[in-house]
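So the chains spell out like this:
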Amino acid sequence: MASAARVDLDGNPIKPITICMIGAGGFIGSHLCEKLMVETPHKVLAVDVYNDKIKHLLEGPASHPWLDRIQFHRINIKNDSRLEGLIKMSDLTINLAAICTPADYNTRPLDTIYSNFIDALPVVKYCSENNKRLIHFSTCEVYGKTIGSFLPADHPLRQDPAYFILKEDASPCIFGPIEKQRWSYACAKQLIERLVYAEGAENGLEFTIVRPFNWIGPRMDFIPGIDGPSEGVPRVLACFSNNLLRHEPLKLVDGGQSQRTFVYIKDAIEAVLLMIENPARANGHIFNVGNPNNEVTVRQLAEMMTEVYSKVSGEPPLESPTIDVSSKEFYGEGYDDSDKRIPDMTIINKQLGWNPKTSLWDLLESTLTYQHRTYAEAIKQVTSKPLAS
Ligand code: NAD
Ligand code: UDP
């Protein structure tokens, strides 16, 4: 419950504000709306083209104390003149809207670039012109590949953190060639980051840029054929969940050798709330938000998810739980990959005192319990239907 005595990190009382949250109906937006409604007195103007993931907050029984603090606006920010009015009515704008599934980067590069750069331009402009604070969601993918990935496989410097730890104010952004269209997303995100930063430097825009490192948890993406297109390819958590729910082997792209650090969505949302409520500490900064302790290869992730899913569902794992697939077969022409993503946590620690708490095993256990509870029955019904003749 919202309490009147909430204070910021410097001991000052936190005043209720109005937040224009664009992309509020997505995975991160739904968790952020939930946190803001349940734990704070702030108001949210939730902008998205979908609202399925926040319906429980918008409709709920009249006893929900937040019903007058959240409003849904079904707006496509590509072409809707109401956007500026909503930004003007708010103290803070948070922009989460994006195409952000890797399967789209090389197959729909134009939509990817428009969504992540062109469509974000008016949001930055309205914030700057109206002196409104902006929290813009970028990505860890702006770092691209690590410096170490260009060294021979057995080179000792590959073990040196200077060659792989990703630092907001020091690491370069290293992308592949243009024909590797995978990098269309990273490049668009990098350019919008530079624009936001330049608005801060030249016009005094108060901004914070967030670089999420593989946030995962309930409500992420969709399960193909259940609450998303049958042929759709979501991010790895939903791909592997789908395989587990359907008792199919998990597909390891190019051997599953890439490494990722996964952070629990609920830990990451704590960091965003600190940014919202501590503007003096967050403005002008770019923050990595991830969990450097939860690093695995994609193969190890598949093995752990198989083990955890068996525990939460009570079903035995398949005899051969994984299968190798080439990136060309899985994603098509123009795919490429980030080799390794470990966030440096110095800046977020110093400014906001934030640290992630949840281990990979624990976050997979709560997430896969949710996936099983939400989808197992629906999958059973779909897979038991006779094929149409
Ligand atoms: P998501 O796809 O679940 O949410 C994005 C939301 O934006 C969707 O609900 C979508 O409908 C909405 N949207 C897109 N275009 C829109 C438009 N033109 N008008 C109105 N709404 C629009 O993705 P997410 O995981 O919640 O990611 C949110 C942000 O965080 C994105 O900017 C993404 O690039 C960034 N990010 C997330 C992760 C992660 O780990 N989840 C990692 C890196 C970056
Ligand atoms: N991946 C995989 N099998 C899948 C889906 C993804 O091996 O079914 C790999 C993908 O090639 C990448 C990693 O998992 O190396 C993470 O993919 P995700 O889509 O979550 O996004 P990314 O972290 O690359 O932005």
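Structure shown above.
What counts, and at which threshold
The written sequence of each chain sets the order in which its residues are numbered from 1. Chains carry letters and ligands carry numbers; both start at the beginning, A for chains and 1 for ligands, and go up in the order they are written. The predicted origin of the model limits local features to residues at a pLDDT of at least 70 and limits the giving and counting of side-chain atom pairs to 80 or more, whereas totals for whole chains, interfaces and linings rest on all residues. Only hydrogens and water are removed before side-chain values are computed, so all heavy atoms of the structure are retained for them. Labels follow the DSSP assignment, with helices taken as runs of H or I lasting at least four residues and strands as runs of E lasting at least two, numbered in each case from the N terminus. Radius of gyration: C-alpha atoms only; globule rule: 2.2 Å multiplied by the number of residues to the exponent 0.38. Two residues qualify as a contact provided that any one of their heavy atoms is within 4.5 Å of a heavy atom in the partner residue. Where accessible areas are quoted, they stem from the Shrake-Rupley method and a 1.4 Å probe; at the residue level, only the protein chains shown are allowed to cover. Positive charges are assigned to Lys and Arg, negative charges to Asp and Glu, while His and the chain termini are left out of the count. Every charge is mapped to an atom, namely NZ of Lys, CZ of Arg, CG of Asp or CD of Glu. In this description, strands pair whenever DSSP reports at least two bridges between them. Axis definition: a line fitted to C-alpha atoms, limited for helices to the stretch in contact. Angles are taken between N-to-C directions and run from 0 to 180 degrees. Proximity is defined per residue: any heavy atom of the residue falling within 4 Å of a molecule or strand makes that residue near it. Definition of a polar contact: a pair of N or O atoms within 3.5 Å, with one able to donate and the other able to accept a hydrogen when the atoms are protein atoms, and with sequence-neighbouring residues admitted only if both atoms are side-chain atoms. Following the grouping adopted for this structure description, the nonpolar residues are Ala, Val, Leu, Ile, Met, Phe, Trp, Tyr, Cys and Pro, the charged ones are Asp, Glu, Lys and Arg, and the polar ones are all others, Gly among them. A patch consists of residues exposed above 30% relative accessible area that lack any salt bridge, with like charges linked at up to 9 Å and nonpolar side chains (Val, Leu, Ile, Met, Phe, Trp, Tyr) linked at up to 5 Å. We count a salt bridge whenever a side-chain nitrogen from Lys or Arg sits within 4 Å of a carboxyl oxygen from Asp or Glu. The rule is simple: take the accessible area with a 1.4 Å probe, protein chains only, and divide by the maximum for that residue type; under 20% is buried, over 50% is exposed, in between is partly exposed. Only a pair of cysteine sulfur atoms within 2.5 Å qualifies as a disulfide here. In this analysis, rings of Phe, Tyr and Trp, with Trp reduced to its six-membered ring, are considered paired at centre separations within 6.5 Å, and the interplanar angle assigns stacked below 30 degrees, edge-to-face beyond 60, and tilted for intermediate values. Comment: the charge-over-ring label is applied if NZ (Lys) or CZ (Arg) is within 6 Å of the ring centre and within 35 degrees of the ring normal. Helix span is expected to be 1.5 Å times the residue number reduced by one. Orienting the strands away from the viewer, one traces the path from the first strand over the helix to the second; a clockwise path indicates a right-handed crossover.

### Overview of the overall build of the protein chain
Now for step 1: Tallying secondary structure elements over the protein chain gives 14 helices and 15 strands in all.
Now for step 2: For 389 residues, the compact-globule estimate of 2.2 N^0.38 gives 21 Å, and the C-alpha radius of gyration of the protein chain, at 21 Å, lies within 12% of that figure.
Now for step 3: Partitioning the intrachain contacts of the protein chain with sequence separation of at least 6 by distance along the chain shows that 80% fall at a separation of at least 24.
Now for step 4: Accessible area of the protein chain: about 18,000 Å², with a carbon and sulfur share of 53%.
Now for step 5: Counting 40 positive and 48 negative side-chain charges, the protein chain places the averaged centre of each group 3 Å from the other.

### A look at the sheet that holds strand 4 (residues 92-95)
Now for step 1: The 7 strands are arranged 3-2-1-4-5-7-12 in an open sheet whose pairing can be described as parallel. Taken across any chain shown, the strands that pair with only one partner, and hence form the sheet edges, are strand 3 (70-74) and strand 12 (285-289). Adjacent strand axes in the sheet meet at a mean angle of 15 degrees when their direction is disregarded.
Now for step 2: Bridge count for strand 1 (residues 18-22) against strand 4 is 4 bridges, and the pairing is parallel. For I19, the partnering residue across the bridge sits in strand 4 and is L92.

### Regarding the site of ligand 2
Now for step 1: In the vicinity of ligand 2, 19 residues are found, and the nearest of them are K251, R260, Y335, D337 and R341.
Now for step 2: For ligand 2, an oxygen atom lies 3.5 Å from a polar atom in the side chain of E141.
Now for step 3: Isolated, ligand 2 exposes 520 Å² of accessible area, and the fraction of that covered by the protein chains is 96%.
Now for step 4: Listed by contribution, the elements that provide at least two residues to the shell around ligand 2 are helix 8 (236-245), strand 9 (250-253) and helix 12 (327-331).
Now for step 5: In terms of residue class, the shell around ligand 2 is built from 10 nonpolar, 2 polar and 7 charged.

### A closer look at a nonpolar patch on the surface
Now for step 1: Among the surface-exposed residues, L110, Y114 and I118 lie close enough to one another that they form a single nonpolar patch of about 310 Å² accessible area.
Now for step 2: Judged by its relative accessible area of 45%, Y114 is partly exposed.

### Side note on the state of the cysteines
Now for step 1: Using the criterion set out here, one finds 0 disulfides in the structure.
Now for step 2: No disulfide involves C100; its sulfur sits 11 Å from the nearest other cysteine sulfur, which is in C140.
Now for step 3: C100 gets classed as partly exposed once you look at its relative accessible area, which sits at 24%.
Now for step 4: Free of any disulfide, C127 has its nearest cysteine sulfur in C20, 7.8 Å distant.
Now for step 5: On the basis of relative accessible area, C127 is assigned to the buried category, the value being 0%.

### Looking at the site of ligand 1
Now for step 1: Surrounding ligand 1, one finds 24 residues, the nearest of these being F27, D48, N76, Y185 and W215.
Now for step 2: Measuring from an oxygen atom of ligand 1, one finds a side-chain N or O atom of K189 at 2.9 Å.
Now for step 3: With the chains in place, 89% of the 820 Å² that ligand 1 exposes on its own is no longer accessible.
Now for step 4: Per-class residue counts for the shell around ligand 1 are 14 nonpolar, 7 polar and 3 charged.

### Considerations on the packing of aromatic side chains
Now for step 1: All told, the structure shown has 7 aromatic pairs when counted by the stated rule.
Now for step 2: Arranged with centres 4.0 Å apart and planes meeting at 15 degrees, the rings of Y331 and Y335 form a pair that is stacked. Just as Y331 is buried, Y335 falls in that class too.
Now for step 3: Clustering of aromatic rings is evident, with ring pairs tying together F330, Y331 and Y335.
Now for step 4: Note that R182 overlies the ring of W183, its terminal NZ or CZ placed 5.7 Å from the centroid.
Now for step 5: Over the ring of F164 we find K340, and its NZ or CZ is 4.7 Å from the ring centre.

### Some details on the pattern of salt bridges
Now for step 1: Overall, the coordinates contain 22 salt bridges when judged by the stated rule.
Now for step 2: Taking the shortest distance from any N to any O, the salt bridge between R260 and D337 comes out at 2.7 Å. Note that R260 is positioned in strand 10 (residues 259-261) and D337 in the loop between helix 12 and strand 15 (342-343), a separation of 77 residues in sequence.
Now for step 3: Accessibility expressed as a relative area gives 9% for R260, which makes it buried.
Now for step 4: Since its relative accessible area comes to 18%, D337 is described here as buried.
Now for step 5: Between K311 and E365 there is a salt bridge whose closest N-O contact spans 3.1 Å. Taken together, the positions of K311 in helix 11 (residues 298-313) and E365 in helix 14 (residues 360-384) put the pair 54 residues apart, joining distant regions of the chain.
Now for step 6: With relative accessibility at 24%, the residue E365 sits in the partly exposed group.

### A closer look at helix 7 (residues 184-203)
Now for step 1: Between its first and last C-alpha, helix 7 extends 28 Å over 20 residues, near the 28 Å set by a 1.5 Å rise per residue.
Now for step 2: Burial in helix 7 covers these residues: S184, Y185, A186, A188, K189, Q190, I192, E193, V196, E199 and G200.
Now for step 3: Looking at the buried residues of helix 7, the elements they touch are helix 4 (102-105), helix 5 (109-116), helix 6 (121-129), strand 5 (133-137), strand 7 (207-212) and strand 12.
Now for step 4: Two residues or fewer past helix 7, G204 is found with a positive phi of approximately 75 degrees.

### Topic: unusual backbone geometry
Most peptide bonds adopt trans geometry, and most residues besides glycine take a negative phi value.
Now for step 1: Despite not being glycine, D221 has its phi angle at roughly 55 degrees, a positive value.
Now for step 2: For D221, the location among the structural elements is in the loop between strand 8 (215-216) and helix 8.

### Here's the deal with the pairing of strand 1
Now for step 1: When you tally the buried positions in strand 1, you get 5 out of 5 residues, the bulk of the element.
Now for step 2: Burial of strand 1 is two-sided: the residues T18, C20 and I22 facing one way and the residues I19 and M21 facing the other way are all buried.
Now for step 3: Bridge count for strand 1 against strand 2 (residues 43-48) is 5 bridges, and the pairing is parallel. Bridge pairing in strand 2 places C20 opposite L45.
Now for step 4: Chirality of the crossover, the property in question, places the unit of strand 1, helix 1 (residues 27-39) and strand 2 among those that are right-handed.

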